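A look at the structure
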Amino acid sequence: MSKGNTIKLALLTILMFVATSCKKYLTLYPQDGVIRQEFWQNKEQVQSAVLGLYASLLADPAGKDRQLAEYMFLWGELRGDNVISGANVATDELNMLQDNILSTNTLAKWSAVYRTINLCNILIDYAPGVIAKDNTFTQAQLNSYLAEALTLRSLLYFYLVRTFRDVPLKLKSTGSDTDVQQLSKTSQADILTQIIKDLNTAEPTATISYGNRASDKGRITKYTVDAVLADVYLWMDNYQDCIDACDKVINSGQFALVPGDSGFFGNLYYSGNSSESIFEFQFDSQILNSFYTAFLQKPRFLASPNVMSSVFNIDFLDDNNYDRRGRFVSVNTNNSQIWKYSGVTGDATARSIDQFYAHWIVYRYADVLLMKAEAMAYLNRGTESLDIINTIRTRAKALPATLEFPSPTDADAVALYVLDERSREFAFEGKRWYDLLRYAKRNNYRNLNELITASISNMPGNLQQSATAKLKDLNSHYLPIPYNEILNDPNLVQNPFYKN
Amino acid sequence: MKYSIINKRIGRLAAASLMILFYFSGCKPEQYPITTNPTLNIIQYFDTNPDYSIFDRALIKTGYAGFLGAYGRYTVFAPNNTAMTAYLQTINKSSVDEIDDNALKDFVSFHIVQDTLSTLNFTDGKLPTATMFGLYITTGAAIDGGITSYVINKQAKVIQPNIRTGNGLIHTLDHVLLPPTQTIAQILAANPKYSIFSQALTATGYYDTLNVVPANSSNRPFLTVIAQTDSVFNAAGITSFADLKAKYSTTGNPKNPNDSLFLYVAYRIIPSLQYLGDIVSSPSQTTLAPQENLPVALINSDVILNQVVFNGILEVGVPLDRVLGDVPANNGVIQSVKTNFKYKVRQQAPVYFDVTDQPELRKATSVYKKVGATLPITTGLVSAFSWEAANNYSGPVYTVDGAVGSKQYFVNNDYVLIGLRLGFTTIPSWFETVTPLIVKGTYKVWICYRNGGSGGQGRFTQVSVDGQTLGRIVDFGTTLPSSTSSRTVLESQGYKRYIAEQPAGSTTNIAQLAGVVTITSTDVHRIRFTCIKTSGGSTNNVFLDMIQFIPTSMSQTDKCMSVNGNIVNTPSTFP
């Protein structure tokens, strides 16, 4: 055989291999993962998918986005009155503190929320099919898992509608490029209707207990569903339904206020999963929260000076007479740092960097009690409202200086007392702006001034007038649709406030 | 053989050449972008958007189109065609071509700022950069029919903000902007609301001051005048200029610089351009009244002038009127006040400045005045304090002594521990603090401290007030030279006791004279401690308790401080 023929033969052989391996070459399966067709086979896989939902709440797997808890803090606190900028604040954060928000502001970003919503949708779409494949998987178990996904999705949509008002409502999963839809916005009212529907579907089938404390506080239980329902009903000014939902939690006997003694901080905030807690994002030493740099190391945010002097107040004569929620709980009074996520035992001792796994508390018993008090105020049950407020105040040894004496028949005045008490009780827990907005918008924005006064209280003097005028535009209470989403989806229409 | 190979090669080459030739000739010329960046510049944006055609025409006619099409940083407030048509109607022209070139240049240049200013830069006051016309324009926000928009110069609404182009930003307006054509004096004279105030301006001769346009005469600053309406005068019982003159004119001649009415007006003129947004951003404003300043406070979003705590008494200030204020003139701006106020004559009084009495420290409730507490003051924690940046220096330390009077004697039992050394990278060489309000006059400055032992700390410290160096070098290492010398002798040596409770035999807490200072304006001032020589030793800290400014006309030793912060008579037990 000549040299030329040898080469030809070799080439032919290679061609043969290439040609025959063509099929396999084109259908490539991932080598380090499982694809959908191979997943959703048995109940263990469903369970791991459910647990994955909670893991996805903690942090972006790619590590490129802010944590959801951080968004919840930023959205819930920056436009309120308790937080001021620290030396290392970022421009977009400062702009939000000063109500100077453009559609390009990076805090107006919802991907962290929709990521988990999509995971919920995947579970809702595919878990029912597992029943046919795994005989040991019961309908009750499936319903319980679905209840978790439905509730989590509802909770996240509830955050979205309170933050952005009208957002795309996606209830089907996105698994491949062909599933990507260019949705338009659904109105807040329609999304709230969907949320109520989903929560009422979930409530009867949700689990009461998973058998251990950590899961009961870190996963959705029946009581979480009730707490979310109460919050949504209160937002919709549906007072009786709110009270009914609160009563389910209260009458369960599963929850109690953490006593306001020396263990208060440690139990409620440092260790987490307290008897008071209903639902928490459970950070741990594997996934830390992002508050070390935000609040302690080079603080981007500090407590406003008003938090100690007027929200909690100070007894200058008696050092032992102080609101248990203030000094070294909400605020490090040495340096005005936000302390709930940095403290250890309720003194100046701070967590070390590797201990920054304070849980993000979404709902706790005190929240349910105060939601009930707020609803009662509008149903001529003001006296009972005041009793609940007093329960909360007694636990915390609130100072007489922060007492208010509204007439029990004056619904707005009682609700304002609840609002002020919530500011003390949930300082820096990401609730303040939503509380203010809920109070302000009630009865056709009758109490808008309360929101404006609070919102501009920490702004520089040369911005307050502009900010006041902006806040009178009701559209400004909601963040702009993220700039990139508008570019990607021509069906999305920007909130009119951000157009001019 | 060789020949044929060459022939073959030539043949192939020719074939290839032909192919290439046909290939290229058969191809249509490809369209390549010839610019490096497709973003439009400002003028191109106007050219391609017909809604700006009239303003675009004005830009072209004035020649401004040239630079707006080139590299640079501009912000253009662009009236759309509706706004321009309305404007042309008001001046009875049918097109911009009919407008005189210079007038059109003035008009157009008032809409252009040589800076990129997005709505994020908008405040309640003026923009940081003047327009190309030379005057500033103001920004704000207003709500109309439930919709809030930015408002420029109180004349136009922004319809579309922040249009980004290659060389700057465009904000679309629904009305044109017109520069003010009158001076402050003319505007006030023309407004019947200000008749009494205008007459006062004329009578005192300030009408002429307020009638000069800076553009026409160099070195004249823009001015701000705090005017007062007749109704405010009426509320204060002044119904006419005659009443005003009778009430305030002490010499009968308001043009006399010593006349109270002259000062009354001078006290209301600020020699710089101060919109409300600017006024609230600074703690005090200088005025034309000699050395008298207007302290500013922002209380519940009201801008209050002259509200100060002086000698422990709160003097209630006067609020500015936000609606009537911020009226632009071509030589400044007019503000309006809601209640009558006059030139405030404050008598010189001693200032006992407890350095630790700072609002931020008062709020640090877990340490403030808590026995034995310490708190490192990080940068920015106490806004009044500043010091030289030093590596790893954690800041001065707020410290509270042990049980009251147990061993040391401090006012309010607390002090600041300040690192002060020269030539150390880890210790600052200077420390500065803002004082309370000091009335203009001459004072002796006493530095009250506890001596820190015989170490090297602060042995050679120079004290300066507003950059004015005081005569004596303060030695923070020294004790009272004698426990038995009389106070007169000690004072002549530059020392005194300042704590009433300190036993006569104790010499650790003392006040040392830093020198005499002439305070030229009634205002808050800055006092700085600078280490000018290092003298060995291992400790670096100075125990600073109090700074006293005592008028030279007063006795320097009659009064003492009590440890609880009260001013008391010097005990007779002291020698």
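Model, not experiment: these values are computed from the prediction. (Residues numbered from 1 in each chain as written. Chains lettered and ligands numbered in written order. Predicted model: local features only at pLDDT ≥ 70, side-chain atom pairs only at ≥ 80, totals over all residues.)

1. Re the overall build of chain B
Of the regular secondary structure elements, chain B holds 15 helices and 31 strands. For 575 residues, the compact-globule estimate of 2.2 N^0.38 gives 25 Å, and the C-alpha radius of gyration of chain B, at 35 Å, exceeds that figure by more than 25%. Projected onto the principal axes, the alpha-carbon positions of chain B cover approximately 125 × 95 × 45 Å. Looking at chain B as a whole, 41% of its 575 residues are labelled buried. Taking as baseline every contact in chain B between residues at least 6 positions apart, the subset at least 24 positions apart corresponds to 65%. (Helix = DSSP H or I, 4+ residues; strand = E, 2+ residues; numbered from the N terminus. Rg over C-alpha atoms; globule rule 2.2 N^0.38 Å. Buried ≥ 20, exposed ≤ 12 C-beta atoms within 10 Å, placed from the backbone. Contact = placed C-beta atoms within 7 Å.)

2. Concerning the interface of chain A and chain B
Counting residues at the interface gives 29 residues for chain A, matched by 35 residues for chain B. Within the residue set of the side of chain A that touches chain B, elements represented by two or more residues are α14 (305-312) and α20 (464-472) of chain A. Sorting elements by how many residues they give to the side of chain A that touches chain B places α20 of chain A first, with six residues. Of the residues belonging to the side of chain A that touches chain B, the class tally is eleven nonpolar, 13 polar and five charged. (Nonpolar A, V, L, I, M, F, W, Y, C, P; charged D, E, K, R; others polar.)

3. So, unusual backbone geometry
You will see that Asn 443 of chain A, though not glycine, has its phi angle at about 50°, which is positive. The topology assignment puts Asn 443 of chain A in helix α18 (residues 432-445). By C-beta crowding, Asn 443 of chain A is classed as exposed, having 11 other C-beta atoms within 10 Å. For Asn 92 of chain B, which is not glycine, the phi torsion reads 55° and is therefore positive. Note on Asn 92 of chain B: 7 C-beta atoms within 10 Å, which makes it exposed.

4. Examining the pairing of strand β28 (residues 523-533) of chain B
Residue and element names in this part refer to chain B. Summarising the sheet, strand β22 (residues 430-438) and β28 pair through seven bridges and their orientation is antiparallel. Following the sheet pairing, Thr 433 is matched in β28 by Ile 527. In this sheet, β28 lies alongside strand β24 (residues 460-465) in antiparallel orientation, the contact comprising six bridges. By the bridge assignment, Thr 461 is partnered in β28 with Cys 531. (Pairing = 2+ DSSP bridges.)

5. Considerations on the environment of Ser 111 of chain A
Residue and element names in this part refer to chain A. Residue placement: Ser 111 occurs in helix α6 (residues 111-133). Accessibility expressed as a C-beta count within 10 Å gives 14 for Ser 111, which makes it partly exposed. Taking the C-alpha atoms as reference, Ser 111 lies 9.3 Å from Pro 482; in sequence the two are 371 residues apart.

6. A look at the sheet that holds strand β16 (residues 332-337) of chain B
All names here are of chain B. Spatially, β8-β7-β16-β15 is the arrangement adopted by the four strands of the open sheet, whose pairing is mixed. Strands at the two margins of the open sheet, each flanked by one partner only, are β8 (269-270) and β15 (327-329). In this structure, strand β7 (residues 223-228) lies alongside β8, joined through two bridges in antiparallel fashion. From the neighbouring strand, Val 225 faces β8, where its bridge partner is Ile 269.

7. A look at the sheet that holds strand β25 (residues 468-474) of chain B
All names here are of chain B. In space, the five strands of this open sheet follow the order β19-β22-β28-β24-β25, with antiparallel pairing throughout. Two strands in the sheet have a free side with no partner beyond their single neighbour: β19 (385-387) and β25. Averaged over all pairs of adjacent strands, the angle between their axes in this sheet comes to 25°, without regard to strand direction. When β19 meets β22, the two strands line up antiparallel, connected through three bridges. For Phe 385, the partnering residue across the bridge sits in β22 and is Thr 433. (Axes fitted to C-alpha atoms, helices over the stretch in contact; angles between N-to-C directions.)

8. A few points about the nonpolar core
Core analysis: the biggest nonpolar cluster contains 146 residues, and Leu 123, Leu 160, Ala 227, Ala 230, Cys 242, Val 368 and Val 418 of chain A have the highest contact counts within it. Of the residues forming this core, the biggest block, 13 residues, is contributed by helix α7 (residues 139-164) of chain A. Among residues more than four places away in sequence, those in contact with Cys 242 of chain A are Ala 230, Tyr 233, Leu 234, Met 371 and Ala 375 of chain A. Met 84, Phe 133, Ile 226 and Phe 233 of chain B belong to the second-largest nonpolar core, a separate cluster that totals 90 residues. (Core = buried A, V, L, I, M, F, W, Y, C linked by C-beta atoms within 7 Å.)

9. Brief notes about the domain arrangement of chain B
All names here are of chain B. One can read the domain layout of chain B as domain 1 (42-173), domain 2 (184-337) and domain 3 (351-569). One C-alpha centre belongs to domain 1, the other to domain 2; they are set 32 Å apart. Domain 1 puts eight residues into the contact, and the matching count from domain 2 is nine residues. Here the side of domain 1 that touches domain 2 is composed, by residue class, of two nonpolar, four polar and two charged. (Domains from an automatic or database assignment.)

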